Amino acid sequence: MSSVRRKRPSAGQPKTAIKSLKKPNTRIDFTLDDLDVEKNKGGVDGDDFIESDDEIEDDASSKESSDDEKETVDAKKIRMAREYLNKMEQIDEDSSDVPSSSDEEDDGTMDHDDLISKRLERHRLKQQGMYERNIASKVQQSFEGRWKTIDQNIADTNDAKSQSAAWVEQGHIKLLRGHDLTPTCVALHGPSGSVGYSGSKDNSILMWDIEHEKRLSTIIPRWNPNTCDYTRNSGEVLAMAASDDGRYLAVGGRDSTVRIFDVRQKQTSARGPVDVSDGTEIRGLVTTFEGHKGPVTALAFRSQSLQLFSGSNDRCIRHYNLNEMAYIETLYGHQAAVTGISCHGIRHEMPYSVARDRTARAWKLAEETHMIYRGGSKISNADCISAVKDDYFLTGHEDGVFSLWFKDKKRPIVSILSAHGVHSNLPRGIASCASLGGSDFAVSGSSDGFLRLWQVSTGERSSDRGLEAIGKIPLFGYINDLAIGPKGRFCIAAVGQEPRLGRWDRIPLSKNRFAIVRLRNDDDQQQAVAYSDENVQSESSDEKSDD
């Protein structure tokens, strides 16, 4: 574009001459016609005129702004709502812990608007921690069908070892080798259920592919006297927990430390990746928390967060935040060694713990106080705990008592005596228990050779609350730890010859294995599960939901 220079007056000219050069009421109108005239004056054809990048961006931004100006407030709300629904549908397709769209259509009778409203309602209840699924009945139907595939002569006997071998032969249970000594703990990536972890008394930590039933990686190799500068007992792994985002694995043991591994990374040194003998690579260690003065025996993540809690024989519970990789506080109150921690914690930031002081405690972190639950003089110490919902939790005791608790009552709602039978006129202690958060399904393990399945009822009225045994699955050995997969499709277990925290008992005929127990058939997973069968239960009073 050609430019026009204005003639500057000389210094000797009077002011009147200067005023005369100004053109009154002169406006420059840069219209399309003016631009075409200027381009033609410059000898450039209009078709050959090239705009700069800045001009193109300005035109695009002005076009977008004009579109925004044309969009009304109601139209914008509708557009944002559609984007949110599309995003939520994508999340539902990627997640295996929610019913599929075909499950919700209820045999095709539900229209699109009802489907969206149900999906929004379910999403709201899940965010508030009030979404409950009826899984126990479906699991019961599946494993009863599996018993029919076992030889009737073996099924009629009470021999756990032969029954367990028959279940393994039929492919209902997969026992994977990898640990030399007794496995003590397991962890599972909850939302997907595709990756599991296990720790053992031989110091090893392994990573497993649940779907293909094989080992993926070695996080920590087993103890080797030629390369390790510490004793084997001091490196025993006693507890572990995996974050819901599938990134972090927390590990505690007899060395009184809590180690945080980023399982997505591979540990590297100056010479490159660290390889072990089986060709796998060790995962990366992010940080190590010190502070406990005794073996770390319990670990738990708060659901849908990176808040971590650790319990130890020093009677303390320590609180960490893995977003900042920082220690937050220490919780004091237990009078003996802590044996278990669990935290559902969607609505309330409240972890539950049990210890050898025969108490269970609920820690109100915001109020800096805690509640104490006592089962009575006849109930012994608890070895395991599992939070069913924000307000309910299960405890397994060393005298064989299996109890369901409500946070507003100091005594258990129901207690099952000798839940795993009697041996030599003494009840078998419950070594492990686990529940599927937000559902009515739970499992427990001991040394009787069976994995017990339970239906947990958490109704609003006292008459609607209870704990009922729905069956058992043979799994020979000490079941030291358990974790349930999404929708109750399977559970993983640490099965060995010895108990988790000692060597006061031994089952010599059992094997040290990482077990994958299939609870539901593939046919059941593919069939439509009606949304009404999920029985979404919400709390009746608004006061309770606001707590």
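Not measured: the values here are computed from a predicted model.

About the criteria used
- Residue numbers here run from 1 along each chain, matching the order of that chain's written sequence.
- Local features in a predicted model are, by the rule used here, given only for residues with pLDDT of at least 70; side-chain atom pairs are given and counted only at 80 or more, and totals for whole chains, interfaces and linings are based on all residues.
- Side-chain numbers here rest on the full set of heavy atoms in the structure, without hydrogens or water.
- Helical segments are the DSSP runs of H or I of at least four residues, strand segments are the runs of E of at least two, and each set is numbered from the N terminus.
- Each residue gets one of three labels from its accessible area relative to the maximum for its type: buried under 20%, exposed over 50%, partly exposed in between, using a 1.4 Å probe on protein chains only.
- Among the buried residues, those of types Ala, Val, Leu, Ile, Met, Phe, Trp, Tyr and Cys that are joined through side-chain atoms within 4.5 Å form a nonpolar core.
- Two residues qualify as a contact provided that any one of their heavy atoms is within 4.5 Å of a heavy atom in the partner residue.
- Polar contact criterion, stated in full: a pair of N or O atoms within 3.5 Å, where within protein one must be able to donate a hydrogen and the other to accept it, and residues adjacent in sequence count only if both atoms are side-chain atoms.
- Pairing of aromatic side chains here covers Phe, Tyr and the six-membered ring of Trp, requires ring centres within 6.5 Å, and sorts the geometry by plane angle: under 30 degrees stacked, over 60 edge-to-face, intermediate tilted.
- Only when the NZ of Lys or the CZ of Arg is both within 6 Å of the ring centre and within 35 degrees of the ring normal is a charge said to sit over the ring.
- When we speak of the arc, we mean the arc of directions from the helix axis to the C-beta atoms.
- Strand pairing is assigned whenever DSSP detects at least two bridges linking the two strands.
- Fitting a line to C-alpha atoms yields each axis, with helices limited to the stretch in contact; the angle taken between N-to-C directions then spans 0 to 180 degrees.
- By salt bridge we mean one thing: a side-chain nitrogen of Lys or Arg within 4 Å of a carboxyl oxygen of Asp or Glu.

Turning to the environment of Glu144, a few remarks are in order. Tracing the chain through its elements places Glu144 in helix H7 (residues 136-147). Residue Glu144 is classed as partly exposed on the basis of its relative accessible area of 39%. Considering only alpha carbons, one finds Glu144 and Gly471, 327 residues apart in sequence, at a separation of 8.3 Å.

Across soluble globular proteins, nonpolar side chains have a tendency to be buried as a group. Formed by 27 residues in total, the largest nonpolar core has its most connected members in Phe441, Val443, Leu451, Leu453, Ile473, Leu475 and Val517. Mapped by element, the contributors of at least two residues to this core are H7, helix H9 (160-169), strand S27 (441-445), strand S28 (450-458), strand S29 (465-474), strand S30 (478-484), strand S31 (490-496) and strand S32 (513-518). Per element, the largest residue contribution to this core is four residues, and it comes from H7. Each residue touching Leu475, except ones within four places of it in the same chain, is listed here: Ser164, Ile173, Leu175, Gly449, Phe450, Ala493, Val495, Ala515 and Val517.

What follows covers the environment of Trp147. Mapped onto the elements of the fold, Trp147 is located in helix H7. Between the C-alpha atom of Trp147 and that of Gln163, which follows or precedes it by 16 residues, the distance is 9.8 Å. Those residues within four positions of Trp147 in sequence are excluded, and the remaining contacts are Ala155, Gln163, Trp167, Lys472 and Pro474. Among the polar contacts listed, one links the side chain of Trp147 to the backbone oxygen of Lys472, at a separation of 3.3 Å.

Applying the stated criterion to the full structure yields ten aromatic pairs. Sitting over the ring of Phe406, Arg465 keeps its end group 4.6 Å from the ring centre. Geometry around Phe450 places Lys472 over its ring, the cationic atom sitting 4.2 Å from the centre.

Looking only at H9, the buried set comprises Ala160, Gln163, Ser164, Ala166 and Trp167. The buried residues of H9 occupy an angular sector of 160° when projected down its axis, which confines them to one face. Looking at the packing, one finds that the buried side of H9 touches H7, helix H8 (152-156), strand S1 (173-176), S28 and S29. With a side-chain oxygen positioned 3.3 Å from the backbone nitrogen of Lys161, the residue opening H9 is Asp159. At the C-terminal side of H9, Gly171 shows a positive phi close to 85°.

Taken in spatial order, the four strands line up as S20-S21-S22-S23 in an open sheet, and their pairing is antiparallel. The open sheet has two edge strands with one neighbour each: strand S20 (382-387) and strand S23 (414-416). Going across the sheet, the axis of each strand differs from the next one's by a mean of 20°, ignoring polarity. When strand S22 (residues 402-406) meets S23, the two strands line up antiparallel, connected through three bridges. Looking across to S23, one finds that Leu404 is bridged to Val414.

This structure, assessed with the given rule, holds 15 salt bridges. Residue Glu213 pairs with Arg518 through a salt bridge whose shortest N-O separation is 3.1 Å. With Glu213 in the loop between strand S4 (205-209) and strand S5 (214-220) and Arg518 in strand S32, this residue pair connects regions lying 305 residues apart in the sequence. Where Arg452 meets Asp448, a salt bridge forms, and the shortest distance between an N and an O atom there is 2.8 Å. Neither residue differs from the other here; Arg452 and Asp448 are each classed as buried.

Glancing now at the sheet that holds S32. Strand order in the open sheet made by the four strands is S1-S32-S31-S30, with antiparallel pairing throughout. With partners counted over all chains shown, the strands left at the sheet margins are S1 and S30, one partner each. Averaged over all pairs of adjacent strands, the angle between strand axes in this sheet comes to 20°, irrespective of strand direction. In the sheet, S30 pairs with S31 via six bridges, with the strands oriented antiparallel. Among the inter-strand pairings, Leu482 is bridged to a residue of S31, identified as Ala493.

A separate point is unusual backbone geometry. Residues other than glycine predominantly adopt negative phi, and peptide bonds predominantly adopt the trans conformation. The phi dihedral of Ser418 is positive, around 50°, even though this residue is not glycine. Positionally, Ser418 belongs in the loop between S23 and strand S24 (422-423). The phi dihedral of Asn425 falls on the positive side, at around 65°, and the residue is not glycine. Relative to the assigned elements, Asn425 resides in the loop between S24 and strand S25 (426-427).

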